[in-house]
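Letter by letter, the chains look like this.
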Amino acid sequence: MCAFRSPITHMCRCRERRHPEGETRMILTAALHVFSYAAFAVFVIAVAVRYHRIQSMPLHLRWDLYPVAHEGKRAHYGGSYFEELDWWTKPREFSLVGELKGMLPEMLFMKALWEHNRPLWFRSFPFHFGLYLLIGWAGLLLIGAIAEVAGVAVSSEGGVGALIHYLTILAGAFGFILSIIGAVALLHRRLTDEEVDGYTSPAHIFNLSLFILALAVGFLTYILADQTFSLARGYIRSLITFNLTTPIGSGAVAAEFLLFSILVAYVPLTHMSHFFTKYFFYHKIRWDDEPNFKGSRIEKEITQALGYRVSWSAPHLKADGKKNWADICTEEVDKEVREEAKKK
Amino acid sequence: MKKTKKIKVEDIGKANGKLTHTDPKDFMPLPPPYDNPENLPPWDPLKNSDSVEASLDDTIAVAIPKPKSKQEEEELVKKFLSGLEKLFTKENNWPFLQLLTLTMEHCAKCQTCSDACHIFEASGRNEVYRPSYRSEVLRRIYNKYLKPGGKFFGRWKHGPIDLNWTTVSRLAELSYRCNICRRCAQTCPIGVDNALITHELRKLFSQELGIAARELHEKGSMLQLRVGSSTGMNPLVVKDNMEFIDEDMTEKTGMKIETPWDKVGADVLLIHNAGEIMAWPENPGAFAVILEAAGVSWTLSSDIPAYDGINYGLWYDDFQLARVAIKHAQAAKKLGVKKIVVGECGHSTKSLMVIADRVLTGDLNIPRESAMTFLEDIVFSGKLKLDPSRNDFPVTLHDPCNMVRLMGIVQPQRRILKYICPKFREMTPCGVNNYCCGGGSGFAIMSGYNFQTWRNHISGRRKLQQVLNAFSDDLSPETHKYLCAPCSNCKGQLRDLLFAYDAWEKCGILYGGLVELIVNAMSDVNPGFIEWEWH
Ligand code: SF4
Ligand code: SF4
């Protein structure tokens, strides 16, 4: 049987086996697979490195900003446990439901933007929600690919396979449409709105253009070459089964995955990594209201930090790299001046 | 709206006159009676600024001396860069490293934060006062000069910038055009905090270059650490002044008042902002009346600087903050009190309760409480006899940013006011969404050159509008109205603001603290504690 035969359509995609064009295509197909693996690896490493870098920074001073979502019954007006008399003697309320209620509308529907910048929300929400749908689409492609490997046909004909089939089409189609509308609208704002004029860098234009290009290619591929996303699923299947030379079946699908791979590798290297660093902004800064009690973990970390040696050189600190935080914070100001005066 | 060419971020480094001008014609309009230009205070122009840096706008807060040589210029830039580098090391900046790194790396430059800023809005959307303007300058400098490949990637990712004496000196001034109220941070869809950048910039200047607003450093935290108080009062003077206040209170209320000093084993160490003792003696006096009437075991400390709760380091220098906070805690430890209660001062409360919470360890970690919760307990305990009809005049409440948006102490003061003031009404917006009084981050005590004009016209404008709107049902001067500001710093700003606009004469608006209203409602003290006189 021809190695280029599609396992789905059972049609042979090479006109003549082992002709030079076929070999080139095979090499290119394998290269695209390798590129996709590499992009995924870059994504994972970049996220892990950034996460680790932030996570391993020392404890910081408190910088709460209210409302704090886990404050339970006080959260809706922005209250805190400091409203309690002798607050340190009372059990601290920590509402996980409250956190979810604070976080989910923000993550899914961009609540802050809705409240504070409605015109931008109408551009940014479709873009982001479209991307969420496309992430769902990619997840469904993966599930479909696994199902196929397990022998479950993913098609319009009944059962779980049909569910995956239709959900994939829905998520993909709406995902592409929404995110393209959003990305174009965002680019339009970048280029025309006086408010952001002067704050738009070449990288902004490039980033949005890259998104528009990738999404447009993805959408056109869907419309013109892969209306059920079976070719896209086939590519994911060849990725997960490490069949690097399995033909992709369409140049458009190959281009689509090339661009998606570039995006996957690129996004976590930029400020767009806020898709996960937002966690720190909320949980580790705004909502970090954990008090320091004697003998606590926080106290240990503070003690350690107070031991760091300091090199700030302003005259009132004169930190030469030998004194540590505790030394400077407990020394008398103008000690030398006073000693000098005493001698006189 | 500005009709002139829009100022760009990179313009900060171009030395061609002033970067921007502040023209009263551009400022946000105010409601009656200040819709009539004749009722507005004049804009005092900037004078005598030849020897100091004054090229940012039409005022001066820091006053950096102009360089005498090229070498001096280069020295400043070099030191700035070395300070910037230190901001990103854990040894030198563990208290804010994580926060700063995140904020530097994730701004989407969407400008959602702009509309939240009262300074930007009141100035007529002056580009230089945009919350993200100064952050963007710093971001570009950091990316260009300190990141590998910054010459190319910095420009690609963020845009052009040039670092020179003009940039650095303007940036120093610009770090004192923000109240650090963090209202902008509340609206950022990502969580980026432009106020933090202001804070870190001020720190860099103070901790590395020894540059800070005089009122905050030399006449502020340094004076406090040397003498005991930024007011200049030493322990003897402060005791003397309090004695005078006790006598005055005894006469005024008919209750015998004697402030206890250095009482070992008292339950509560009360720490006032010492500015109250000097400028608003009725506030510490009213505290004494309430605590005596409620039978609280309390004391003041005469240790340097424990009779002055201010901690200006909060706004410009981590070390100065820690030095003062540690001394406050040491005084409490020496007296063996059960808790420290911080008087009506937002920044003192936040410094000692929140920021110093990760500075004080072991025996110095003594419980600390806000006066709002403490007073709420007393008011509703039944220990005071209260007659709300004595407060039968319109009252509104200003929410001090430090205590409310940044600590979540929202309701106790409201519950008190709703109980004792029948004509209480809220401002809009209020609570954690309030606007800063315009005196935040030290501005209230900064008046050099024409800076007071700047705060009266620009940073305080939004608050004035809010106050006028809250009392819009009757703005006649005959109806006495009370603007309650339970924060010494805010009161300083409101005093200057209302005075500049002649709001007592024109609209009958007086300002004051919360305890004065409580004592005014106490039926077993002589009536008329609030005297309805401008001071
Ligand atoms: S700080 Fe936040 S709101 Fe402001 S420009 Fe940056 S991302 Fe937008
Ligand atoms: S912190 Fe306050 S004053 Fe400063 S930029 Fe933000 S909103 Fe404006």
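Residues numbered from 1 in each chain as written. Chains lettered and ligands numbered in written order. Predicted model: local features only at pLDDT ≥ 70, side-chain atom pairs only at ≥ 80, totals over all residues. Heavy atoms only, no water.

1. Remarks on the overall build of chain B
- Scanning chain B for helices and strands turns up 23 helices and eight strands.
- Its C-alpha atoms give chain B a radius of gyration of 23 Å, near enough to 24 Å, the size a compact globule of 535 residues would have.
- In terms of principal-axis extent, the alpha carbons of chain B reach across some 75 × 55 × 45 Å.
- Burial status across chain B gives 69% buried among its 535 residues.
- A separation of at least 24 residues holds for 79% of the contacts in chain B among residues at least 6 apart in sequence. (Helix = DSSP H or I, 4+ residues; strand = E, 2+ residues; numbered from the N terminus. Rg over C-alpha atoms; globule rule 2.2 N^0.38 Å. Buried < 20%, exposed > 50% of the residue type's maximum accessible area, 1.4 Å probe, protein only. Contact = heavy atoms within 4.5 Å.)

2. Notes on the sheet that holds strand S6 (residues 424-425) of chain B
All names here are of chain B.
- Pairing within the open sheet is parallel, and its four strands lie in the order S6-S5-S7-S8. Both edges of this open sheet fall to S6 and strand S8 (509-512), since each of them pairs with a single strand only.
- Two elements, strand S7 (residues 481-484) and S8, share four bridges in a ladder whose sense is parallel. Residue pairing across strands places Leu483 opposite Tyr511, the latter belonging to S8.
- Along the sheet, helix H23 (residues 514-521) contacts strand S5 (395-397), S7 and S8; its crossing angle with S7, the most-contacted strand, is approximately 130°. (Pairing = 2+ DSSP bridges. Axes fitted to C-alpha atoms, helices over the stretch in contact; angles between N-to-C directions.)

3. What about the domain arrangement of chain A?
- Splitting chain A by domain gives domain 1 (22-61 + 110-286) and domain 2 (297-343).
- Relative to domain 2 of chain A, the C-alpha centre of domain 1 of chain A lies at a distance of 50 Å. (Domains from an automatic or database assignment.)

4. Looking at empty space enclosed by the protein
Residue and element names in this part refer to chain B.
- Scanning the model with the defined rule gives eight cavities of 30 Å³ or more in all.
- As for the largest cavity, its lining consists of 22 residues, and the residues nearest its centre are Asn179, Cys401, Asn402, Gly440 and Ser441.
- Going through the elements one at a time, helix H14 (313-316), helix H16 (346-355) and helix H21 (488-500) are the ones with two or more residues in the lining of the largest cavity.
- Looking at the lining of the largest cavity, its residues break down into 12 nonpolar, eight polar and two charged.
- One number sums up the size of the second largest cavity: a volume of about 120 Å³. (1 Å grid on protein atoms, 1.4 Å probe; cavity = no way out; pocket = protein on both sides within 12 Å on 5 of 7 lines; lining within 4 Å. Points joined across faces, edges and corners; volume = space filled by probe spheres on them. Nonpolar A, V, L, I, M, F, W, Y, C, P; charged D, E, K, R; others polar.)

5. Observations regarding the domain arrangement of chain B
Residue and element names in this part refer to chain B.
- When the domains of chain B are assigned, the result is domain 1 (9-211), domain 2 (227-377) and domain 3 (384-521).
- Taken together, the contact between domain 1 and domain 3 spans 43 residues of the former and 37 residues of the latter.
- Of the roughly 3,300 Å² buried at the junction of domain 1 and domain 3 (both faces included), carbon and sulfur atoms supply 64%.
- Together, Tyr34, Asn179 and Arg183 form the three largest contributors to the area buried by domain 1 at its contact with domain 3, with a combined 18%.
- If you look at where domain 1 meets domain 3, you find one salt bridge.
- Across the domain 1-domain 3 interface, the total number found is 20 residue pairs in polar contact (both at pLDDT 80 or more). (Buried area = accessible area lost by both parts, 1.4 Å probe. Salt bridge = Lys/Arg side-chain N within 4 Å of Asp/Glu carboxyl O. Polar contact = N/O pair within 3.5 Å; in protein donor to acceptor, adjacent residues only side chain to side chain.)

6. Details of the confidence of the model for chain B
- On average, residues of chain B score 96 in pLDDT, and 99% of them reach the 70 mark or higher.
- What the predictor reports for the complex is a pTM of 0.94 with an ipTM of 0.96. (pLDDT = per-residue confidence, 0-100.)

7. Here we look at the packing of helix H4 (residues 118-149) of chain A against helix H5 (residues 159-192) of chain A
Residues and elements named next belong to chain A.
- Two elements in contact, H4 and H5, have axes whose closest approach is 6 Å; the angle formed by their N-to-C orientations is 150°. One way to sum up the angle between H4 and H5 is to call them roughly antiparallel. For the pair H4 and H5, the crossing hand works out as left-handed.
- Considered class by class, the residues forming the contact of H4 with H5 number 21 nonpolar, nine polar and two charged. (Parallel < 35°, antiparallel > 145°, perpendicular 65-115°, else oblique. Left-handed = near helix turned anticlockwise from the far one by under 90°.)

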